[in-house]
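Notes for the structure review
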Amino acid sequence: MALLVLAALGMLWLGTRIAPASAAERPDRAGLPWVMVHRGDTLWGIAGAVAPEGDPAETVRRIMDLDGMPGPTVRPGDRLHLAGGLAG
């Protein structure tokens, strides 16, 4: 039982160490334009809509980096922030 409690406390402590580091790596999104994901939307479709003249792969990468996304999957209700120059 004591081992279980120590393991839980260790995981809790580790979680407090990881979250601040992850937050520090994300760019500041305050004041940036954003779009709401709707049913049927894809990140590639959104990238093409907000930057039709640009390279969609580059736009997808910029959105993913800005929003701290591990992959290109989006769900209805997600809010995606757009880097300067991407809002259309």
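The model shown is predicted, which means the values in this text are computed figures rather than measured ones. Once a new chain begins, its residue numbering starts again from 1 and follows that chain's sequence as written. Where local features are concerned, this predicted model is filtered to residues with pLDDT of at least 70; where side-chain atom pairs are given and counted, the filter is 80 or more; whole-chain, interface and lining totals use all residues. Side-chain calculation: all heavy atoms of the structure are included, whereas hydrogens and water are not.

**Some details on the confidence of the model for the chain**
- A residue's pLDDT is simply how confident the predictor is in it, with values from 0 to 100. Looking at the chain as a whole, its pLDDT mean stands at 77, while 64% of the residues score no less than 70.
- In this analysis, two residues are considered to be in contact whenever any of their non-hydrogen atoms come within 4.5 Å of each other. Below pLDDT 50 for its whole length, residues 4-10 participates in zero contacts with residues either more than four positions away or in separate chains.
- Contacts of residues 13-24 to residues separated by more than four positions or lying in other chains number zero contacts, the stretch itself having pLDDT below 50.

**Focus: helix α3 (residues 56-67)**
- In this text, helices come from DSSP runs of H or I with a minimum length of four residues, and strands from runs of E with a minimum of two, each type numbered from the N-terminal end. Under the convention used throughout, the expected extent of a helix is 1.5 Å for every residue step, that is, one less than its residue count. A rise of 1.5 Å per residue sets the reference length of α3, with its 12 residues, at 16 Å; its end C-alpha atoms lie 16 Å apart and thus fit the reference within 8%.
- Working definition: with a 1.4 Å probe on protein chains only, accessible area under 20% of the residue-type maximum means buried, over 50% means exposed, and in between means partly exposed. Taken together, the buried positions of α3 are occupied by Thr-59, Val-60, Ile-63, Met-64, Leu-66 and Asp-67. The buried side chains of α3 occupy one side of the element, clustering within an arc of 165° when seen end-on.
- As for α3, its buried residues are in contact with α2 (43-50) and β2 (79-81).
- Two or three places before Ala-57, at the opening of α3, Asp-55 has a side-chain oxygen 3.2 Å from that residue's backbone nitrogen.
- Note on α3: the residue one or two positions beyond its end, Gly-68, has a positive phi of about 65°. Read the arc as the range of directions from the helix axis to the C-beta atoms. What qualifies as a polar contact is a pair of N or O atoms within 3.5 Å, subject to a donor-acceptor requirement within protein and to the restriction that residues adjacent in sequence count only when both atoms come from side chains.

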